[in-house]
Structure formats: structure tokens, C-alpha cells
Amino acid sequence: MLRRDALLLIDAALAEDVGPGDFTTLWTVPEDRQATAVVVAKASGVFGGCYAATETFRRVDPHLEIEAAFAEGTAIEPGDVTMTIRGSARSILTAERTALNFLQRLSGIATVTRQYVRAVEGTGARVIDTRKTTPGMRWLEKAAVAAGGGTNHRFGLHDMVMIKDNHIAAAGGITAAVEAVRSQNDLGLAVEVETGTLDEVREALVAGADRIMFDNMTPEMMREAVEIVRAHGEGGPETEASGGITLETIRAYAETGVDYISIGALTHSAPSLDLSLRLTAL
């Protein structure tokens, strides 16, 4: 089931596209014309966003019959029929572009995520997303990351404390920042600290961070950072790599032993997957 905020987003997207009316469709297609439409893959990738596309069609016309041929996260190839929609030709055509926009965007994110996940197979590292999402689409885009095999990081500013470099500068240092959080954290939120040097890693360890982010480190430096954390003993903080890591370099970072690797490109740079809708009037 879609979250309420995702449904509001779908409604807003439809209102943006349809406005006061889809006059092309209204003026060219007979009201009683029925049709069958299929959504066809034109490129290889990972199927994602079916729930958003389905709900888009249903918001336009709850009487449409919609069948998905693949589950979220399934690999698809050119020519695959991913969805079939039956019912009012007018309704299908009015919903078409908005539904495809969701489907293409979210399938693109799932596809890129799968590439990163495969690149770290066997290392134990998990690929995670960030907050670098399209405004208003975060829940949908993070669901697409999960469909691609990735792991979701915090959803927003409210469900985890992440003390980054600017917080550290404003608070007067890592120790001061962590202590300030601990004195007020009556919600029991996990505390992550961003570090850029080995000395900062050591300070975050002593301060009691639950997760330590290694930001913009080389794989060699990160390996040292992981060893410092592991030497702290069992029950120590989780570790996360971040900063400019690409599909070409992620394996080297994963092999340092880090627990998580955050990739902003999963959501901010993923190209849309090419899909098209083909309609047959009955």
C-alpha cells in the first residue's frame, strides 16, 4: 500500500498534467471507446514503480483493469510487456504520461542501484541511499532503491541524528556535538558522525557514535579507519563510506571492510529507463 504522501504526490502530478482537462483526448476519442494498452520495455533494466503507475491509472479511473507482468525488482529486457491496462481509452490516454513518468524514473533508480549492488557482491558491504532525492518523491525513490537491492538510509532529518562537518563546526567539535545530542536525545535516535581524518575517527569512537562515516577518504585510508574501529572491540559502531564513490571505484571501497557505502547517485543521477505505452482500440 502506498503512503498517503505518495498518493498526494500522484494527485499533484496528475493535476499538473491534466489541469482543467485533457482536451486532445476529449475531442478525439469517443467517450465509449474501449482499449487495451501495454507498457513495453525498450531497454534492459530493473522493473520499479509499478505501484505508483498502477495508482496513477486508478486515480484517473478506478474501473480500469491493470495487470503487472513482473514484480518490483525483476530484471526486464527490451520487448518485455511489463503492464497491461484495459478499459476506457480516454482514461488510459489521460493517465499515460504521468504513469510512465513514475515508471521510467523509478525503474531507472532500481536499475542503477542493482548495478552498484552487484559491484560489491561478496564483500559484505551494503549499498545505501541518501537524502539527495527529488523533492516530494523521497518515499517512492527510496522504495525503488530497495527494489534494486539497495538498503535505505534514514528517511529524513527526524529519524536519525547525523552530525556532519557543518554541525561539528557550529557545535565546537565532534565531542561537544555528540555530548549535546546525548543530553537531549530522549527519542533514542541512533547517532552518526561524519569524519574526514583518522584523528576524527578516533574522537568519534571515544565520543560514543553509533555509526561513523568516512567521508572522501581514499580506499587505503579507509582501510585504516575500519581497522581503528574494529580494534575498539565488539559492539563498536557501524561504519559507512561516503563521498564521490562511483561504480568504477566502489569495489575497492567495499573491500576495506566498511559496513555501508552511501551513493547519492542512486537517486540524483539515475537515468530514466526507456518504456513506452502502446494502445489498441477495441
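Up top you'll find the structure we're talking about.
Residues numbered from 1 in each chain as written. Predicted model: local features only at pLDDT ≥ 70, side-chain atom pairs only at ≥ 80, totals over all residues. Heavy atoms only, no water.

**Observations concerning helix α3 (residues 50–60)**
Turning to step 1, where the next piece is worked out: When α3 is considered as a whole, its buried residues turn out to be C50, A52, A53, T54, E55, T56 and F57.
Turning to step 2, where the next piece is worked out: Buried residues along α3 sit against α1 (4–18), β3 (65–68), β5 (81–88), α4 (89–119), α5 (138–147) and β12 (275–281). (Buried < 20%, exposed > 50% of the residue type's maximum accessible area, 1.4 Å probe, protein only. Helix = DSSP H or I, 4+ residues; strand = E, 2+ residues; numbered from the N terminus. Contact = heavy atoms within 4.5 Å.)

**Some thoughts on the side chain of Q104**
Turning to step 1, where the next piece is worked out: Topologically, Q104 is positioned in helix α4.
Turning to step 2, where the next piece is worked out: Ignoring anything within four residues of it in the chain, the contact list for Q104 reads R97, S272, L273, D274 and L275.

**Let's talk about the sheet that holds β12**
Turning to step 1, where the next piece is worked out: Read from one edge to the other, the open sheet built from four strands follows the order β3-β5-β1-β12, with strand pairing classed as antiparallel. Only two strands of the sheet have a single neighbouring strand rather than two, namely β3 and β12. Neighbouring strand axes in the sheet, compared pairwise and without regard to direction, differ in orientation by 15 degrees on average.
Turning to step 2, where the next piece is worked out: As defined by bridge partners, strand β1 (residues 34–41) adjoins β5 across seven bridges and the pair is classed as antiparallel. The residue bridging V39 from the neighbouring strand is M83, located in β5.
Turning to step 3, where the next piece is worked out: Its contacts with the sheet put α4 on β1, β5 and β12, and the angle it makes with β12 is roughly 165 degrees. (Pairing = 2+ DSSP bridges. Axes fitted to C-alpha atoms, helices over the stretch in contact; angles between N-to-C directions.)

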